[in-house]
Amino acid sequence: MRESDILNLVPDHIKDLQPYQSARHEFVRSKASTVFLDANENPFGQYNRYPDPQHIDLKKTLANLSKVSLDQIIIGNGSGEILRWLCLAFCSPKIDGMITMPPTFSLFGLLAKMLNLKNIQIPLTKGDFQLDIENILSKGQVSNPKIIFITTPNNPTGNSFIQKDIMRILMDFNGLVVLDEAYVEFTDQPSFVSYLDDFPSLVVVRTLSKGQGLAGSRIGVAFAHSQIIEVLNKVKPPYNISTANQSVAISRLKNQKEIEFQVKQILQQKAWLMDQLKSVDVIHHVYPSDANFVMVKTDDSDKRYHQLIERGVVVRNTSNYLNCENTLRITIGTEKENQLLIKTLKSL
């Protein structure tokens, strides 16, 4: 898709939409001695002022780490908020749609139902869970969906998709290509952020909940062409990220050596856990994983799921996902937690 085609994807009611302008949007930062009498705030307290609605300091930190410009970044209250903005900003209810590839992140399908959008489901190839490229592109040409959602590494299966397949979609799909890179810290596959200037239709969504360890702070990020970011800003709430959470995120992002150390520990524990799982009688198959979790096939997932809960171990029962019958998704924990899991599984 060419840069000039981006705005053709935007419905007329969104093109005409003027984003909400808070009092702080009009204010350009100056000295700390500025007197704020514009937003009807309580003048007392530590967090009495509204947070920066444009998240400038956080964007600068992200821009420095990811080598992109500020106008290529938007920040959401978790990546789920950004995924919803994409649907709101580029799709009209009952008219437009998306392509999803089950088994995949369940929020995509929920967004389609909540926003009354068509969901064209093209299953991943059975067994190895890869993209069915020919089917994706042919159905994309016929149904003309606005967005395609791809999670790599994929959730719940844990595998990464073949990069040349994603590149082909970027070259041939006539809509937004949204890559959810929630687990990018755990894979040796390069991020697609470096391709933003090559593909105007590319949107890379990240979260600080996984590798960065800030699930409780709810910070999601999208990197995209400045025109896409401008459209998303039309539907973004004004104060969606608190001052406290912006501050925590900046501090965390500036400490990537600690993150790298933690990720290394998680990957070491994953290798140990996957090896141990192969010797557990109730586990029939351990799937490859590029994430901080592993999916396994069991003899009876419902039975084993409830047995684990009774023994104080909570995993995810993923059997309701397409082609994932009798599977469990297990997050990599600490060494002590992983040892307890194996001990518990072997006792069943």
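About the cut-offs
Residues numbered from 1 in each chain as written. Predicted model: local features only at pLDDT ≥ 70, side-chain atom pairs only at ≥ 80, totals over all residues. Heavy atoms only, no water. Helix = DSSP H or I, 4+ residues; strand = E, 2+ residues; numbered from the N terminus. Rg over C-alpha atoms; globule rule 2.2 N^0.38 Å. Buried < 20%, exposed > 50% of the residue type's maximum accessible area, 1.4 Å probe, protein only. Contact = heavy atoms within 4.5 Å. Areas by Shrake-Rupley, 256 points an atom, 1.4 Å probe, with all protein chains shown as cover. Lys, Arg positive; Asp, Glu negative; His and termini not counted. Charge placed at Lys NZ, Arg CZ, Asp CG, Glu CD. Core = buried A, V, L, I, M, F, W, Y, C linked by side-chain atoms within 4.5 Å. 1 Å grid on protein atoms, 1.4 Å probe; cavity = no way out; pocket = protein on both sides within 12 Å on 5 of 7 lines; lining within 4 Å. Points joined across faces, edges and corners; volume = space filled by probe spheres on them. Nonpolar A, V, L, I, M, F, W, Y, C, P; charged D, E, K, R; others polar. Disulfide = S-S within 2.5 Å. Pairing = 2+ DSSP bridges. Axes fitted to C-alpha atoms, helices over the stretch in contact; angles between N-to-C directions.

If you tally the helices and strands in the chain, you get 11 helices and 11 strands. At 22 Å, the chain has a C-alpha radius of gyration in line with the 20 Å of a compact globule built from 348 residues. Every one of the 348 residues in the chain was classed for burial, and the buried ones make up 51%. Within the chain, residue pairs in contact and separated by at least 24 positions form 68% of the contacts whose partners lie at least 6 positions apart. About 17000 Å² of surface is accessible on the chain, with carbon and sulfur atoms providing 50% of the total. In the chain, which carries 38 positive and 36 negative side-chain charges, the distance between the mean positions of the two groups comes to 4 Å.

Counting 44 residues, the largest nonpolar core has Leu-131, Ile-148 and Ile-169 as its most contacted members. With residues up to four places along the chain from it excluded, the contact list for Leu-131 reads Met-101, Leu-124, Thr-125, Ile-136, Phe-161, Asp-165, Ile-166 and Ile-169.

Below, the discussion takes up the environment of Ala-215. Within the secondary structure layout, Ala-215 lies in the loop between strand E6 (202–207) and strand E7 (220–224). For the pair Ala-215 and Asp-38, spaced 177 residues apart in the sequence, the C-alpha separation amounts to 33 Å. In this structure Ala-215 touches Leu-208 and Ser-209, once residues within four positions along its chain are discounted.

Next up on the list: the layout of surface pockets. Empty space within the second largest pocket amounts to approximately 400 Å³. Of all the secondary structure elements, the ones that give two or more residues to the lining of the second largest pocket are helix H2 (56–66), E6, E7 and helix H9 (256–277). In terms of residue count, H9 provides more of the lining of the second largest pocket than any other element does, four residues in total. For the lining of the second largest pocket, a count of residues per class yields nine nonpolar, four polar and three charged.

This part is about the state of the cysteines. A covalent bond bridging the sulfur atoms of two cysteines is what the word disulfide describes. All chains considered together, the criterion is met by zero disulfides. Cys-87 forms no disulfide, and the closest cysteine sulfur to it belongs to Cys-91, at a distance of 5.5 Å.

Here we come to the side chain of Asn-154. Structurally, Asn-154 can be placed in the loop between strand E4 (147–151) and helix H6 (163–172). The class of Asn-154 is buried, set by a relative accessible area of 0%.

The strand order across the open sheet built from seven strands is E1-E7-E6-E5-E4-E2-E3, with neighbouring strands paired in mixed fashion. Among the strands making up the open sheet, the edge pair consists of strand E1 (73–76) and strand E3 (118–121). Sheet twist, expressed as the mean angle between neighbouring strand axes with direction ignored, is 20 degrees. Relative to E7, E1 runs antiparallel, the two sharing four bridges. The partner of Gly-76 across the bridge, within E7, is Gly-220.

This part covers the pairing of strand E9 (residues 293–298). Taking burial as the measure, the six residues of E9 include five buried ones, the bulk of the element. Bridge analysis of strand E8 (residues 283–286) against E9 gives three bridges, and the strand direction is antiparallel. When the bridges of E9 are listed, Val-286 appears paired with Val-296. The loop that links E8 with its antiparallel partner E9 comprises six residues. Where E9 lies against strand E11 (residues 327–331), five bridges are found, and the strand directions are antiparallel. By the bridge assignment, Lys-297 is partnered in E11 with Thr-327.

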